[in-house]
Amino acid sequence: VAVLKAFKDCENSNYNLALLLSSGEELGHRGAIPGAYKVPADYAIAVDVSFGECYGAPSYKTAKLGSGAMVGISPILNEQVVAKLLEISGNCGTTEIMGNRSGTNADVISISKSGIKTGLVSIPLKNMHTPVEIVEINDILAVSNLIIKFAESEAL
């Protein structure tokens, strides 16, 4: 929803945007690999969900629902894109620090072709991989707004 809203809000702009909706992320990134290869791009923002604060989960691995967009920090993500996302967000929301790969489609997008400068933005989610997943609508809107502001930014 966040990505579709951002794309719709940029519909009448002069931005050169492409939208990739893919499936099979947890089955080997089956949709993102060919999609990222086919769509020419200088920059990409992968959008996913991450763990919302819940009982038994360490606080440093989660974000509180309602805290805004989670900006991913990982060696596989582009440092300039991450810095720009953090700057635009005004360091609001939370950072999600990952030691190696992100475990998301951002990993395969970033190494597509000769490399696409990729960032990762996530929505905090409680009860992941269950029939009762819970998100906060304001977090979805925060992610959408962050994508729009990234598109509006002149250049990295």
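These numbers come from a predicted model, not from an experiment.

Student: Honestly, the side chain of E96 in this entry has me stumped. Any pointers?
Tutor: Along the chain, E96 turns up in strand β3 (residues 94-97). No salt bridge is formed by the buried E96. Its closest oppositely charged neighbour is K61, at 10.0 Å.

Student: It is not clear to me how the pattern of salt bridges should be interpreted in this structure. Could you clarify?
Tutor: Side-chain pairing between opposite charges can occur once the charged atoms of the two side chains come close. Inspection of every chain in the model, using the stated rule, returns three salt bridges. Across the pair D9 and K5 runs a salt bridge whose closest N-O atoms are separated by 2.6 Å. Here D9 pairs with K5, and both are found in helix α1 (residues 2-9), just four residues apart, close to one helical turn. A residue is classified by how much of its surface remains accessible, and D9, at 44% relative accessible area, is partly exposed. For K5, a relative accessible area of 31% corresponds to the partly exposed category. In this structure, K8 and E11 form a salt bridge, with 3.0 Å as the shortest nitrogen-oxygen distance. The exposure class assigned to E11 is partly exposed, which follows from its relative accessible area of 48%.

Student: What is the right way to read the environment of L141 from this model?
Tutor: Following the sequence through the fold, L141 ends up in helix α5 (residues 137-152). Judged by its relative accessible area of 32%, L141 falls in the partly exposed class. Sequence spacing of L141 and L17 is 124 residues, and the spatial spacing of their C-alpha atoms is 19 Å.

Student: Got a minute to help me understand α5 in this structure?
Tutor: Because each turn of an α-helix spans 3.6 residues, side chains separated by three or four positions in sequence point in the same direction. The end-to-end C-alpha distance of α5 is 23 Å, a good match for the 22 Å that 16 residues give at a rise of 1.5 Å each. The complete set of buried residues in α5 reads D139, I140, V143, S144, L146, I147, I148, F150 and A151. On its buried face, α5 is in contact with α1, β1 (43-51), β2 (70-73), α3 (79-89) and β4 (117-125).

Student: What is the right way to look at the sheet that holds β3 in this model?
Tutor: Neighbouring strands of a sheet are bound in pairs by backbone hydrogen bonds; such pairs are parallel or else antiparallel. Across the sheet, four strands lie side by side as β1-β4-β2-β3; this open sheet has mixed pairing. Here the strands that pair on one side only, and so sit at the sheet edges, are β1 and β3. The sheet shows a mean angle of 35° between the axes of neighbouring strands, taken without regard to direction. Sheet analysis places β1 next to β4, joined by nine bridges and oriented parallel. By the bridge assignment, F51 is partnered in β4 with L125. The strands touched by α3 are β1, β2, β3 and β4; relative to β4, the strand with the most contacts, the crossing angle is about 45°.

Rules of the game
- Here the residue numbering is sequential within each chain, running from 1 through the sequence in written order.
- The model is predicted, so local features are restricted to residues of pLDDT at least 70 and side-chain atom pairs to those at 80 or more, both for listing and for counting; the totals for chains, interfaces and linings are taken over all residues.
- Note that water and hydrogens are dropped before the side-chain values are worked out from all heavy atoms of the structure.
- Secondary structure elements are defined from DSSP: runs of H or I of at least 4 residues count as helices, runs of E of at least 2 residues count as strands, and each element is numbered from the N terminus.
- The buried label goes to any residue with under 20% of its type's maximum accessible area, the exposed label to any with over 50%, and the partly exposed label to all in between, with areas taken from a 1.4 Å probe on protein chains only.
- Within this scheme the basic residues Lys and Arg register as positive and the acidic residues Asp and Glu register as negative, but His and the chain ends are omitted.
- By salt bridge we mean one thing: a side-chain nitrogen of Lys or Arg within 4 Å of a carboxyl oxygen of Asp or Glu.
- Helix span is expected to be 1.5 Å times the residue number reduced by one.
- Any two residues whose heavy atoms approach within 4.5 Å are treated as being in contact.
- When DSSP finds two or more bridges between two strands, those strands count as paired.
- With axes taken as lines fitted to C-alpha atoms, and helix axes fitted only over the stretch in contact, angles between N-to-C directions fall between 0 and 180 degrees.

Keep in mind these numbers describe shape, not what the thing actually does.
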